[in-house]
Structure formats: structure tokens, C-alpha cells
Amino acid sequence: MSLNALGLMEAAAGIRDGRLSSAELVGDCLKRIDEVDRDIHAWAFLDRDHAMRQAEAADDRRKQGKATGPLHGVPVGIKDIFDTGDMPTEFGSELWAGRTPRRDAAAVARLRAAGAVILGKTVTTEYAYYNPGKTRNPHNPDHTPGGSSSGSAAAVAALMVPGAVGSQTNGSVIRPAAFCGVVGFKPSHGLIPRSGALELSRTLDHVGVFGRSVEDVALLAEVMVDFDREDLDTRPVARPPFSAVAASEPPLPPRFAFVRSPVWDQAEPVAREAFAELVEALGEACSEVELGPSFDRAVDMHRIIMEVDMAHNLRRDYQRGGDKLSTHLRQVIERGRAHLAVDYCSALAGIAPLNQALDQIFDEYDAVLTPAAPGAAPGIETTGNPVFCTLWTYLGVPAISLPLMRSEAGLPLGVQLVGRPGNDARLLRTASWLVRNIGRARGSARRNVPSAGTNSAPGAEKRKVR
């Protein structure tokens, strides 16, 4: 196996045990980038010499017997909305071309403290919104990699780097992970500090991660969790043992609540058929749960918050360089400026009651099972529809996308698991269990897969949460 194909956990263990050096690993990743990135375009900034100097310094530190962190010498890609004191951060916008920050974002600083090599900056869509960037899907360049963390997902999927950091304000981690066939993890809101990153919405912005396994994203997220006085949504908590818990066996087999959500009518036939098969394969471990009418306006309430907050946070760029912004971005800012304050406040007030309603599900089930996207990756003229992520981002709950299925055309289909706020470690453990057991469950499932129009999954008890 080429070193660039190693997962993040494998790479970290190999460097720690002396079976490989950081310079060897980083060199192999750079070689892979040279081979494939001319077609994928995952990187916004890459200084090969600087990457190798970081790797050589990591190797020297280990040889000298100095303390090393859990990611010592492992290369990581950083979405180009996170400040890096030694590299440009341009937000995917020509308005910020050449911008070089003075210091690292909090998440980047914690990665460096854990020993990671910051390989380079990955492509983001313009201001981490919808307008497609230059990145292509590694499985088929005629299809989108998703957005807005396009480069991070594609770089991991194409074996250019074992792990990468992204962000999600609507579906910008879960959706590209699903389209590119990697694991994407969005922790609970406020768990990883966002200071030093582009702010679109304090209420909705999350830091997320990409890897090739659940254990990889668990380790990557774990080292970034911290209290940060500059991020008022973080709080002093002990660092959660994501990695250890994710690798452990649940005390009891997990139970899953299959939730179509109020946007099921937007699911494509390929997703409907795949989830019908998956629910059938899980058998008694999965029951269908219907969300009541109180959830019907969640997508609209998310949209109001996002548009108002983006209009506020990007107001200076809109005023000084509006003609250089895409039509998509100008329109969202203009809609945000037109919303009523009472509607914005109502949207904010709607989050807590819906989370309380979800407690009924999480009291009985380990995770919600739902699509990560309406279907497989569409064409490159769009980044895809984030609607199956919207509710969970609005509520600030942890979510993970698992590459468990494929379309007939060979494109990945993501399975999204959602957990109770703050129960990130349990969600990771449940996701690991599902990955380990889904092949066996499928093998024992009946062959009568329901059609795309089926209204209920076979054998699934149906409940309703109001």
C-alpha cells in the first residue's frame, strides 16, 4: 500500500512507532497530488517545500525524544476559510486574494499543537456558500464534489491527504462527504472553536472534519475540541475521548430511528430504494419515526437565520465589492436585509423546543438514520441540495455521513446518522458499529427491495414525534 493511502489513525500509529517518517508520508501525499490534482483541483494553496520542512521538523523532534502529540507528523488539509499564519486565507473570493493572516485560527492552532503538518489550504466555494468552485468529484469529474467544503472532501477521497477540516452552516460537511464517498463528521454546535474562521452565522456555523474511517474523524475532531474565550458558544469541558469510545463495542446493539424528515419528497428514487434496503437489512434494530408538524418549518427558519446573519457578517464586502460577488451570494445577502426582526427572533426561538421534542427519540434510540443528500452527486453546475442536512444543522446536533452505498452509476450515496446534542462520542461509536455490521446485515436481508415510491419501510414500526 502506498503511504498516501493510509488512514489518519494508521499514519499516526506508524509515525509514533517509527515504522515510517513524516517526511516519507508527506512526500508520498505530495507525489499523489502531482499525479491527480490537475483533474480534481482540490487545493487552493500548496507550498511543497514548506510542507516538507514541517515534516522534517516533526521527524527531528521525534528523534530528539521530545514530546509528540496524537497527530504527530500527519498531514492535514485545511478549508480556505480558516486563518493560517503561514499561508494565505482567501475565502474563495477574489476580494480577498493574497490575504495572509497574522495567526492561526483556533482549530488550526490545536491541530499544530497535536503535531499535525498543515499540508495546504483546500478549495472552498465562494464565502463557503453555494457558488461552485473549481473542484471536481474524484469518482467522476463531470459531477460535483459538493460544497462548500469541496476541496477537503475531494482531497481525502482522492488519497491526497488522510484527513481534512471543513465547516458547515447548512450541509457543507455532510453533503460533500456523501458525494465524495468519505466519512464526514459535524460535531455538536460550539464543541470546536470557530475563532479565526470566516463567520457566516454564529448560530449555525460548525467546524467539521473528513477522513476515511469513523476512527479517523473521531481522532481529528477530538484534538480540536476546546474552550476558547473568543468563541462565546464554547464552554469549559473535559476533552472527550472520541477516539477511544468510537473504537469500543456498544454495551448493547444500537437501535436506529429511520426518519424521512419533512423533506422526503425531495429524495430521489435512488435514495428511496437504497434506504428501503438498508432499513430492511437492519430489521428489528430499526424503526421508522415520523416527525410531527412542529418540524415542518425548520428549513424555513434555518434559511431566515442564515440569510440575516450572512447579510450582517458580509455587509462590508457587499458594500465595497458587490459587483465581484456571485449572483447567488448577492441574492442571499439582499434577502437577508429584507427579513423582519420578529421573524429572525422567532427562528432563533424555535431551536430549543425542537431539540426537546427530539429527546423522545434519543431516549429510545441511539441515532437517527436519514439520507445525507437527496441522491448521488449531480453535475458540476451546482454543489447539490443540502436540504437533508438543514434540520440537523439548525438544531446544532452532531451528525456523521458514512459511505455505505452506491448508485447504479457507481457514485457514492451517504448514510447520515444524527445524535443527541453533546452525545458525540456515542454517535461515533454507533457509526462504527453500523460500518462493521452493515455487510452482515445486508447478507441476511430479504431480497424484495421496495420501489422508490414505497411509503413505509418493510418491517419498520412507525411512530410519530410531535
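Residues numbered from 1 in each chain as written. Predicted model: local features only at pLDDT ≥ 70, side-chain atom pairs only at ≥ 80, totals over all residues. Heavy atoms only, no water.

K.L.:
Looking at this structure, how should I read the overall build of the protein chain?
P.N.:
For the protein chain, the helix and strand inventory stands at 16 helices and 12 strands. Overall, the protein chain is about 60 × 55 × 45 Å in size when its C-alpha atoms are taken along their principal axes. For the protein chain, buried positions account for 60% of its 466 residues. In the protein chain, 78% of the contacts between residues at least 6 apart in sequence involve partners at least 24 apart. Of the roughly 18000 Å² of accessible surface on the protein chain, 48% is carried by carbon and sulfur atoms. Placing the 53 positive and 56 negative side-chain charges of the protein chain at their respective mean positions leaves the two points 2 Å apart. (Helix = DSSP H or I, 4+ residues; strand = E, 2+ residues; numbered from the N terminus. Buried < 20%, exposed > 50% of the residue type's maximum accessible area, 1.4 Å probe, protein only. Contact = heavy atoms within 4.5 Å. Areas by Shrake-Rupley, 256 points an atom, 1.4 Å probe, with all protein chains shown as cover. Lys, Arg positive; Asp, Glu negative; His and termini not counted. Charge placed at Lys NZ, Arg CZ, Asp CG, Glu CD.)

K.L.:
Just to check I follow, could you spell out the pairing of strand 10 (residues 399-406) for this structure?
P.N.:
Within a regular strand, side chains alternate between the sheet's two faces. The element strand 10 is largely enclosed, with a buried count of six among its eight residues. In terms of strand pairing, strand 5 (residues 183-186) meets strand 10 through three bridges, oriented antiparallel. Bridging from a neighbouring strand, Lys-186 pairs with Ala-399 of strand 10. The pairing of strand 10 with strand 11 (residues 412-418) spans six bridges and is antiparallel. Bridge pairing in strand 11 links Arg-406 to Pro-412. (Pairing = 2+ DSSP bridges.)

K.L.:
Sorry, what's going on with the confidence of the model for the protein chain here?
P.N.:
Averaged over the protein chain, the pLDDT score is 94; the fraction of residues at 70 or greater is 94%. With pLDDT under 50 throughout, residues 443-460 is counted as low confidence; its partners more than four residues away or in other chains account for 32 contacts. (pLDDT = per-residue confidence, 0-100.)

K.L.:
Is there a simple way to think about the nonpolar core in this case?
P.N.:
Nonpolar side chains in soluble globular proteins tend to end up buried together. Phe-82, Leu-111, Leu-119, Ile-361, Leu-369, Ile-400 and Leu-417 are the most contacted members of the largest nonpolar core, which has 147 residues in total. With residues up to four places along the chain from it excluded, the contact list for Ile-400 reads Ile-174, Val-183, Gly-184, Phe-185, Val-214, Val-217, Val-415, Gln-416, Leu-417, Leu-427, Leu-428 and Ala-431. (Core = buried A, V, L, I, M, F, W, Y, C linked by side-chain atoms within 4.5 Å.)

K.L.:
I tried to follow the side chain of Ser-326 on my own but got confused; where do I start?
P.N.:
Here Ser-326 is to be found in the loop between helix 11 (315-321) and helix 12 (327-338). Residues contacting Ser-326, with those up to four places away along its chain left out, are Glu-126 and Asn-131.

K.L.:
Hey, could you run me through helix 12 in this one?
P.N.:
Between its first and last C-alpha atoms helix 12 spans 17 Å; for 12 residues at 1.5 Å apiece the expected length is 16 Å, and the two agree. Where helix 12 is concerned, the buried positions are Leu-329, Val-332, Ile-333 and Gly-336. One side of helix 12 holds all its buried residues, which, seen down the axis, span an arc of 100°. Buried positions along helix 12 lie against helix 10 (298-313) and helix 11. (Expected span 1.5 Å × (residues − 1). Arc of directions from axis to C-beta.)

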